[in-house]
Amino acid sequence: MNEAEYQRVIDELDRVIRDTRDTMACFEAAGMDEQMPEDYAKLHEIYAKAVSEQRACTLSMLNS
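Residues take numbers from 1 onward in each chain, read along the sequence in its written order. Only residues with pLDDT of 70 or above have their local features reported here, since the model is predicted, and side-chain atom pairs are shown and tallied only from 80 upward, although totals for entire chains, interfaces and linings are computed over all residues. Just so you know, side-chain values use all the structure's heavy atoms and leave hydrogens and water out.

Caption draft 1: Quick look at the overall build of the chain. In this text, helices come from DSSP runs of H or I with a minimum length of four residues, and strands from runs of E with a minimum of two, each type numbered from the N-terminal end. Along the chain, the regular secondary structure elements total 3 helices and 0 strands. Counting from the amino terminus, helix and strand elements in the chain follow one another as α-α-α. Using C-alpha atoms as the atom set, the radius of gyration is obtained and then compared with a globule rule of 2.2 Å times the number of residues to the power 0.38. Expected size for 64 residues packed as a compact globule is a radius of gyration near 11 Å; at 14 Å, the chain overshoots this value by more than 25%. Each principal axis of the C-alpha distribution contributes one length, and for the chain these read about 45 × 15 × 10 Å. Residue burial is assigned from relative accessible area. The probe radius is 1.4 Å, only protein chains are included, and a residue is buried under 20% of its type maximum, exposed over 50%, and partly exposed in between. Here the chain holds 64 residues, and the buried ones make up 20% of them.

Caption draft 2: Representation of the environment of Asp39. Note on placement: Asp39 falls in helix 3 (residues 37-63). Asp39 sits 24 residues away from Asn63 along the chain, and the two C-alpha atoms are 36 Å apart.

Caption draft 3: Up close: helix 3. Taking 1.5 Å per residue as the helical rise, helix 3 with its 27 residues ought to reach 39 Å, and the 39 Å between its terminal C-alpha atoms agrees with that figure. Those residues of helix 3 not exposed but buried are Tyr40, Leu43, Ala50, Gln54, Cys57 and Met61. Contacts: residue pairs with any heavy atoms within 4.5 Å of one another. Elements in contact with the buried residues of helix 3: helix 1 (3-29) and helix 2 (32-35). By this rule the span expected of a helix is its residue count minus one, scaled by 1.5 Å.

Caption draft 4: Local environment of the pattern of salt bridges. By definition here, a salt bridge exists when the distance from a side-chain nitrogen of Lys or Arg to a carboxyl oxygen of Asp or Glu is within 4 Å. The tally for this structure, following the rule as stated, stands at 3 salt bridges. Here Arg18 makes a salt bridge to Asp14, at a shortest N to O gap of 3.1 Å. Placement of the pair is Arg18 and Asp14 together in helix 1, with a separation of 4 residues, close to one helical turn. Glu53 serves as the salt-bridge partner of Lys49, at 3.4 Å between the closest nitrogen and oxygen. Placement of the pair is Lys49 and Glu53 together in helix 3, with a separation of 4 residues, close to one helical turn.

Caption draft 5: Region of the structure containing helix 1. Under the 1.5 Å per step criterion, the end-to-end length of helix 1 is 39 Å for 27 residues, consistent within 8% with the ideal 39 Å. Against the buried residues of helix 1 lie helix 2 and helix 3. In the analysis that follows, any N or O atom pair within 3.5 Å is treated as a polar contact, provided that within protein one partner can donate a hydrogen and the other can accept it, and provided that, for residues neighboring in sequence, both atoms belong to side chains. Between the side-chain oxygen at the start of helix 1 and the backbone nitrogen of Ala4 there is a gap of 3.0 Å, and the oxygen is on Asn2. Within two residues after helix 1, Gly31 carries a phi angle of roughly 75 degrees, on the positive side.

Have a look at this one:
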């Protein structure tokens, strides 16, 4: 991948991270994190995976 392609992926992952973080905040504000713990855990998994993938993509871009 070239730098522009890496940057596009990083930006898309950033959107996923922000959207997931916003959804998690809504869950917490409504108490849904306690009412629906499995769903909240899935949101956390999505968030953690996106952060991990964004980090890996950033490191790959810097090393290329």
